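Okay, here's what each chain looks like letter by letter:
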Amino acid sequence: MKIKRILFSILAVFMFVLVAACGKKEAPTEDANAQKEGAATEVTQNYHIGVVTTSVSQSEDNARGAEAVVKQYGASNEGGKITVVTIPDNFMQEQETTISQMVSLADDPDMKAIVVAEGIPGTYPAFKAIREKRPDILLIVNNTHEDPVQVSTVADVVVNSDSVARGYLIVKTAHDLGATKFMHISFPRHLSYETISRRRAIMEQTAKDLGMEYIEMSAPDPLSDVGVPGAQQFILEQVPNWIAKYGKDIAFFATNDAQTEPLLKQIAANGGYFIEADLPTSYNGIPWSIRN
């Protein structure tokens, strides 16, 4: 399958799920060995994998990654292996819907594992409900927005990038490339997340230790009334003003995926530094249509 980026190696995680889902078998006996080939075929055929993703407008990489998995392994309602659930755009205001969508995957008797591409708020209660209902289902969450320790009590695997190391390395790289200022762009909802809050604190301290000016900038939340278009428009309008005020020797970091593309556009047009997106990939913020 020819794609260049799937959020945090969702296919690798997915393959791990396949191995784990198909590997929960007792040690074979002599009689079992005689039927090994047939049993393996049956196990391989009788399973479904649930993939929970955000929409294209919230995070194109998530949605396109799910589409790529379906393309390779087939939709479960068409004889394939994958059932995709796309959560509401305004998942903070529609948590009950989000939770019920995730939990509904457990109604499928052939469901063996559920992979949440981005662990938005509501994942923990959804996993807790699934665990009580179907303890046999493997639960995997990527990039959890909730307390990782709490989520780990109900999930089999919790995958996060190293927020502590990145908090230091992103700022250090900006400094080494010539930036003398570092701007952290976010909003209250994201700053309430444990991983983002800790990374932000490390970024601020690293900037101070390196003699850089640290600037905390508030931006509209894409889940607020302005939506994704309004949040992106804010970045488009403000980056030239920020560069005019602080100079071109400034590095920008935004905690929201949707704001990465307009940030890149304006840095390319007006100057400044961009080291890495909130999710550690060189493709975040580049439209999916031009990647191949």
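Residues numbered from 1 in each chain as written. Predicted model: local features only at pLDDT ≥ 70, side-chain atom pairs only at ≥ 80, totals over all residues. Heavy atoms only, no water.

Colleague: Kindly report on the pattern of salt bridges, identifying the contributing residues and their values.
Modeller: Using the criterion set out here, one finds 14 salt bridges in the structure. Between R199 and D278 there is a salt bridge, with its nearest N and O atoms 2.5 Å apart. Linking R199 in helix α10 (residues 194-209) with D278 in the segment after β9 (273-274), this pair joins segments that are 79 residues apart in sequence. Between E216 and R200 there is a salt bridge, and its shortest N-O distance comes to 3.5 Å. Taken together, the residues span a long stretch of sequence, with E216 in strand β7 (residues 213-218) and R200 in helix α10 at a distance of 16 residues. When its relative accessible area of 35% is taken as the criterion, E216 is described as partly exposed. Members of the salt-bridge network, linked through shared partners, are R200, E204, K208 and E216. (Salt bridge = Lys/Arg side-chain N within 4 Å of Asp/Glu carboxyl O. Helix = DSSP H or I, 4+ residues; strand = E, 2+ residues; numbered from the N terminus. Buried < 20%, exposed > 50% of the residue type's maximum accessible area, 1.4 Å probe, protein only.)

Colleague: Give me the sheet that holds strand β5 (residues 157-159): which residues, what numbers.
Modeller: The strand order across the open sheet formed by five strands is β2-β1-β3-β4-β5, and the pairing between neighbours is parallel. With partners counted over all chains shown, the strands left at the sheet margins are β2 (82-86) and β5, one partner each. In this sheet, neighbouring strand axes are inclined to one another by 15 degrees on average, regardless of whether the strands run parallel or antiparallel. As defined by bridge partners, strand β1 (residues 48-53) adjoins strand β3 (residues 111-116) across five bridges and the pair is classed as parallel. In the sheet register, H48 faces β3, and the bridge partner there is M111. Here helix α4 (residues 60-73) sits on the sheet and contacts β1 and β2; the angle it forms with β2, its principal contact strand, is near 160 degrees. (Pairing = 2+ DSSP bridges. Axes fitted to C-alpha atoms, helices over the stretch in contact; angles between N-to-C directions. Contact = heavy atoms within 4.5 Å.)

Colleague: Just give me the short version of the packing of aromatic side chains, but keep the residues and values in it.
Modeller: Across all of its chains, the model carries three aromatic pairs by this definition. When the centroid spacing of 6.5 Å and the interplanar angle of 15 degrees are considered together, the rings of F182 and Y214 count as stacked. Residue F182 is located in strand β6 (residues 181-186), and its partner Y214 is located in strand β7; the two are separated by 32 residues in the primary sequence. Residue Y214 is classed as buried on the basis of its relative accessible area, which comes to 15%. (Phe/Tyr/Trp six-rings, centres within 6.5 Å; stacked < 30°, edge-to-face > 60°.)

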